[in-house]
Amino acid sequence: MRSRFSINNYSNLGQRAITALFGALIIVGGSIYSDWTYFLVFAGILGFAQMEFYKLSGLDGMLPLKSFGTFLGLMIFCLTFLVEKEHLSSNYFFLIFPIVSLTFFIKLYRKTDKKPFTGVAYTFLGLFYVAVPFSLLNLAVFSVDATYNYQIIIGCLLILWASDTGAYFAGTKFGKTKLFERVSPKKSWEGFLGGAFSAIGVAFVLTRYFHVIDDWKWLVIAGIIIIAGTYGDLIESLFKRSIEIKDSGKGLPGHGGFMDRFDGLLLSAPFITAFLKIF
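Here's what I pulled together on the structure shown here. (Residues numbered from 1 in each chain as written. Predicted model: local features only at pLDDT ≥ 70, side-chain atom pairs only at ≥ 80, totals over all residues. Heavy atoms only, no water.)

Overall, the coordinates contain 23 aromatic pairs when judged by the stated rule. A centroid spacing of 5.8 Å and a plane angle of 65° characterise the contact between Phe53 and Tyr129, whose relative ring orientation is edge-to-face. Of this pair, Phe53 sits in helix α2 (residues 35-59) while Tyr129 sits in helix α5 (residues 116-141), placing them 76 residues apart in sequence. For Phe53, a relative accessible area of 1% corresponds to the buried category. Judged by its relative accessible area of 15%, Tyr129 falls in the buried class. A ring pair is formed by Tyr168 and Phe169, whose centres lie 5.2 Å apart and whose planes are at 85°; its orientation type is edge-to-face. A relative accessible area of 29% means that Tyr168 is categorised as partly exposed. Overall, the relative accessible area of 45% leaves Phe169 in the partly exposed class. Members of the aromatic cluster, each reached through a chain of ring pairs, are Trp36, Tyr38, Phe39, Phe42, Phe77, Phe81, Phe142 and Tyr148. (Phe/Tyr/Trp six-rings, centres within 6.5 Å; stacked < 30°, edge-to-face > 60°. Helix = DSSP H or I, 4+ residues; strand = E, 2+ residues; numbered from the N terminus. Buried < 20%, exposed > 50% of the residue type's maximum accessible area, 1.4 Å probe, protein only.)

On to the environment of Lys55, then. Tracing the sequence through the fold places Lys55 in helix α2. The spatial distance from the C-alpha of Lys55 to the C-alpha of Val141 is 30 Å, given a sequence separation of 86 residues.

This paragraph deals with the packing of helix α8 (residues 215-242) against helix α9 (residues 258-278). Relative to each other, α8 and α9 sit at 135°, their axes nearing to 7 Å. With respect to α9, the element α8 is oriented oblique. Like other packed secondary-structure pairs, α8 and α9 cross with a definite hand, here right-handed. Across the contact of α8 with α9, the residue classes tally to 14 nonpolar, four polar and six charged. (Axes fitted to C-alpha atoms, helices over the stretch in contact; angles between N-to-C directions. Parallel < 35°, antiparallel > 145°, perpendicular 65-115°, else oblique. Left-handed = near helix turned anticlockwise from the far one by under 90°. Nonpolar A, V, L, I, M, F, W, Y, C, P; charged D, E, K, R; others polar.)

Turning to the packing of helix α6 (residues 150-174) against α9, a few remarks are in order. Contact geometry for α6 and α9: axes closest at 11 Å, N-to-C directions at 135°. In terms of orientation, α6 and α9 fall into the oblique class. Where α6 crosses over α9, the two elements pack in a sense that is right-handed. Across the interface between the two elements, Ile152, Cys156, Leu157, Leu160, Trp161 and Asp164 of α6 pack against Arg261, Gly264, Leu265, Ile272 and Leu276 of α9. Looking at the contact of α6 with α9 residue by residue, the class counts come to eight nonpolar, one polar and two charged. (Contact = heavy atoms within 4.5 Å.)

This is the structure in structure tokens:
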């Protein structure tokens, strides 16, 4: 009898490779095909990542508004996309403030909440930590001539993935000097340098093929991802250590959860967007 395929039959490295391959195909394919498929792919990632954040917050005794908070995050993402696509006026951004303020009204009627403002705070934190960075990606991909360009998002992700992959293999093979042992005992300076060299190498390759922005900007973006991406990973590790768990979820075999896979992007996106908008 032929055995069924199960990703759990593979080693952790095998699971990482399979998940990374299928994930990359979906993200790259969706981003290249059209702006609307890009929108659907990243809205999905945002939704899963934000639900993970609220679920983890609940494990630590907090009571954020999981469904409403995720709805707010998706609403902000949709608004930024539609405004950048010039389907809506930027005046619609003002809708965010009254709708987000409904969090207070909802918590007011939750009789079982012993610390309602803690729940409110974590609901807002989910927006700032997860939803806002993903929403800023919309500003980045429309930053050149106000038209969607997949090269920006694909380029940033290729650099990020190269950094993560280089850090993983260099850290596994050569890692001895601890980078930030208090927060993440397995991370090393050797892994950091391996990720940095990989990211810069991919950035140089992008200068040959992706000409939507000046060559030097790809190198600056690589620098941003190397530094901010590493801090993003450490910050997520600090969050997980505070609630004593290893992975943010099980949605991505070999990688943990969506927050585990995109933690570097969460902290890199605001800096990348600011850089592209200013320069």
